[in-house]
Amino acid sequence: MNIVVIAKQVPDTEARLTVANEKVQLEGVNMVINPFDEYGLEEALRIKDSLPETKVYVLMVGPESARKDLVNCLALGADEAILVTDEAAAGSDPHAIARVLAEEIKKLESTVVFAGKQGVDYDWGLAAIAVAELLGWPHVGVCKKFKPDFTASTFTAAAESDEGDFIYSGTLPVVVTAEKGLNEPRYASLKGIMGAKKKPFAQRNLADVGADATQVGGCAATVEQVRAFPPPEKPPGRVIQAETVEELVAELVRVLREEAKVL
Amino acid sequence: MGKVIVYLEAKENELKKVSRELVSAAKLLGDEFIGVISTQAAEAVLAASGLGLSRLVNLAPQEGKLYASETFAAEMRKLAEAEKPAFILFGQTPLGRDLAARLAAGMKLGFINDVTAVEDKDGGKLFTKPLYAGKVIGQFRFLAEPPCVVSIRPNIFTPSEGAAGVSVSAEEAVPDFSMAKSVITGLEKKETGMIDLKEADVIISGGRGMGGPEQFEVLFDFARAVGAAVGASRSAVDSGWIDHAFQVGQTGKTVNPSLYIACGISGAIQHLAGMQTSKCIVAINTNEGAPIFRIADFGIVADLHEAVPLLKQAILRIRGEGG
């Protein structure tokens, strides 16, 4: 059985970002695998732990610099990595990324595709669901519990909502987008790190994938980012001074009521 | 201007606040509004029918079949093809985000989610959307033909009161769940009375300074008494003190209440990203050097375990005086 994990490269959540000429400046910013994708990978690896004949593929459309991140996925236990990297993919919107991913996934005869619930960069949350649509598969979004039954070709799942957990029931194959809390991702073992470099790593361009070049990149984009700007700066706040906690709280309540008018 | 389809949502028997906000956002994008809702609650349907809509369609859920992306996207597609709207609007809620994406994917529509502002520019519309959890703000426009899919962030647009005296009767539709390969069959309710972080007006949030899982009780006690939602920082969640559902920040929820009270939270950048648009931020921390004090409107250097109960009593006293 094959499982595909979709991954994306994003700026580290600890990174500060700056804007120049109305564009986000990513040069020199530490780039990592999207944190939500790590939960997808872990879920795939847990299936492989219980069914060792499972093969886990990690698939990314991204820059050459993401190779190290995919090698890290191999160190964690994935079997093969596929990096689709092509200048012509620049400016792709999530629909176009999904077309490329779906072309690759079709070749892999997989039963489950995992992805993060959204990239922590643009938070679109669209590409993985568009992959499901292109494959004609169902999806479970923002998944916090996933229980497949590979014999019966069914699954149950849970996803968080504001009223409680939604309980899903459906049939495989399925695209699952992972929420934090789905699992606790593992660390790479020394053996895993040593073995990662020997595992298959395919680097492909759009022609290799067989994606329609007119449907990918900026020319096919459905939205355009007009500009980016930093969030408005807040004026410096005030640290309230008083002798006792009682006085501090009393003064805090007064300013919240009279100045901020939020009480 | 043209037609806008708005996807309304009910929570228990009531129309969600974000649904009223959607109608306000729709007024920036069109002049005729078609509502879609999925509920068995007559009160919610009644509330929706008074929102100034020209049509209201209820995709009635069935026993053991509450929602299916494929089914609902197919229903929305039928409606979109018949009505030819300029925009289809959703709230950025668990189901709103799910359906918006599945619909946009199937119809290959332009899609901008989590929108916080709409403005006119050169005869078109510009949509503002926070990026990197709010570290940067982006402005986008659609290149695709209509209809275009937009989801709006809760708690930003002013809720619409609706149109007095104008009411539309709901058309019942029976969604075809047999086509769906994944269905929501039920809802495991969590503790009732807790307020949703995304829609909360007051949030009290705890970080590593809480000291442990039991200590969160002081925040829950405050929240129950005052009518607030409880949040948490990533380090508190990663320490296993509280469920991830409570996490505020870049890998948790982005929130924008009127009042955000950060207790024992140092103020890591990924946390600040998720709450910096709160109208008023209060920091309570024993470490006066904590970065949270730089972003807070008001700070007190104090032990949260002492300060939070005092704050609760003070707020209750004010409310007792009638505000």
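One can find the structure itself at the top, above this paragraph.
Presented here is an overview of the structure given in this document. Owing to the predicted nature of the structure, the values given are computational and were not obtained by experimental measurement. (Residues numbered from 1 in each chain as written. Chains lettered and ligands numbered in written order. Predicted model: local features only at pLDDT ≥ 70, side-chain atom pairs only at ≥ 80, totals over all residues. Heavy atoms only, no water.)

**A look at the pairing of strand S1 (residues 2-7) of chain A**
Every regular strand shows the same layout, with side chains that alternate between the two sheet faces. Residue and element names in this part refer to chain A. Here is the rule: A simple rule labels every residue: compare its accessible area, found with a 1.4 Å probe on the protein chains alone, to the largest value its type can have, and call it buried under 20%, exposed over 50%, or partly exposed in between. Secondary structure elements follow DSSP: runs of H or I no shorter than four residues count as helices, runs of E no shorter than two count as strands, and numbering proceeds from the N terminus. By definition, two strands form a pair when at least two bridges between them are found by DSSP.
The buried count for S1 comes to six of six residues, which makes it a mostly enclosed element. Alternating positions in S1 separate into two faces, Asn2, Val4 and Ile6 on one and Ile3, Val5 and Ala7 on the other, with burial throughout. Two strands pair when backbone bridges link them, and S1 and strand S8 (residues 110-116) are joined in this way by four bridges, in the parallel orientation. Across the sheet, Val4 pairs through a bridge with Val113, a residue of S8.

**A look at the sheet that holds strand S12 (residues 171-173) of chain B**
All names here are of chain B. Where we set the bar: To define axes, lines are fitted to C-alpha atoms, for helices over the stretch in contact only, and angles between the resulting N-to-C directions are given on a 0 to 180 degree scale. Contact between two residues is taken to exist if any of their heavy atoms lie within 4.5 Å; hydrogens are not considered.
Within the open sheet, the seven strands sit side by side as S7-S11-S6-S1-S4-S5-S12. Their pairing is parallel. The two strands at the open ends of the sheet, each matched to only one other strand, are strand S7 (111-115) and S12. Taken over all neighbouring pairs, the strand axes of this sheet differ in orientation by 20° on average, direction set aside. Note: strand S1 (residues 3-7) against strand S6 (residues 87-91), three bridges, orientation parallel. Of the residues in S6, the one forming a bridge with Val6 is Leu89. On the sheet, helix H2 (residues 42-49) packs against strand S4 (32-37) and strand S5 (55-59) and is oriented at approximately 155° with respect to S5.

**A few points about the state of the cysteines**
Quick reminder of the rule: Any two cysteine sulfur atoms lying within 2.5 Å of each other are counted as a disulfide.
Tallying each qualifying case throughout the model produces zero disulfides over all chains. The thiol of A:Cys73 is unpaired, and the distance to the nearest cysteine sulfur, on A:Cys143, comes to 19 Å. Residue A:Cys73 is classed as buried on the basis of its relative accessible area, which comes to 6%. Distance from the sulfur of B:Cys263, which forms no disulfide, to the nearest cysteine sulfur (B:Cys280) is 13 Å. When its relative accessible area of 0% is taken as the criterion, B:Cys263 is described as buried.

**A word on a negative patch on the surface**
Cut-off, in case you're wondering: Exposure above 30% relative accessible area and the absence of a salt bridge qualify a residue for a patch, where like charges join within 9 Å and nonpolar side chains (Val, Leu, Ile, Met, Phe, Trp, Tyr) within 5 Å. Note on areas: these come from Shrake-Rupley sampling with a 1.4 Å probe, and a residue is covered only by the protein chains present in the view. What makes a salt bridge here is a side-chain nitrogen of Lys or Arg within 4 Å of a carboxyl oxygen of Asp or Glu, nothing more. Charged-residue counts in this description rest on Lys and Arg as positive and Asp and Glu as negative, His and the chain ends being excluded. Working definition for charges: the position is that of NZ of Lys, CZ of Arg, CG of Asp or CD of Glu.
Taken together, the side chains of A:Glu243, A:Glu246, A:Glu247 and B:Glu306 define an acidic patch exposed on the protein surface. With respect to the element layout, B:Glu306 can be found in helix H9 (residues 304-320).

**Topic: the pairing of S5(B)**
Residues and elements named next belong to chain B. So the rule is basically this: Looking down the strands as they point away from the viewer, one classifies a crossover as right-handed if the path from the first strand across the helix to the second runs clockwise.
Burial analysis of S5 places four of its five residues in the buried class, which makes it a mostly covered element. Two elements, S4 and S5, share four bridges in a ladder whose sense is parallel. Within S5, the residue paired with Ile37 across the bridge is Asn58. For the handedness criterion, the β-α-β arrangement of S4, H2 and S5 is classed as right-handed.

**Remarks on the interface of chain B and chain A**
Heads up, the rule is: Take the accessible area each of two parts loses on contact, using a 1.4 Å probe, and add the two losses: that sum is the buried area.
Listed by partner, the interface residues are 86 residues for chain B and 80 residues for chain A. Of the roughly 7600 Å² buried between chain B and chain A, counting both surfaces, carbon and sulfur atoms make up 59%. If you sort the residues of chain B by the area they bury against chain A, B:Arg102, B:Tyr132 and B:Phe298 come out on top, with a joint share of 10%. Inspection of the chain B/chain A interface yields seven salt bridges.

Such coordinate-based values are descriptive only and should not be taken to indicate function.
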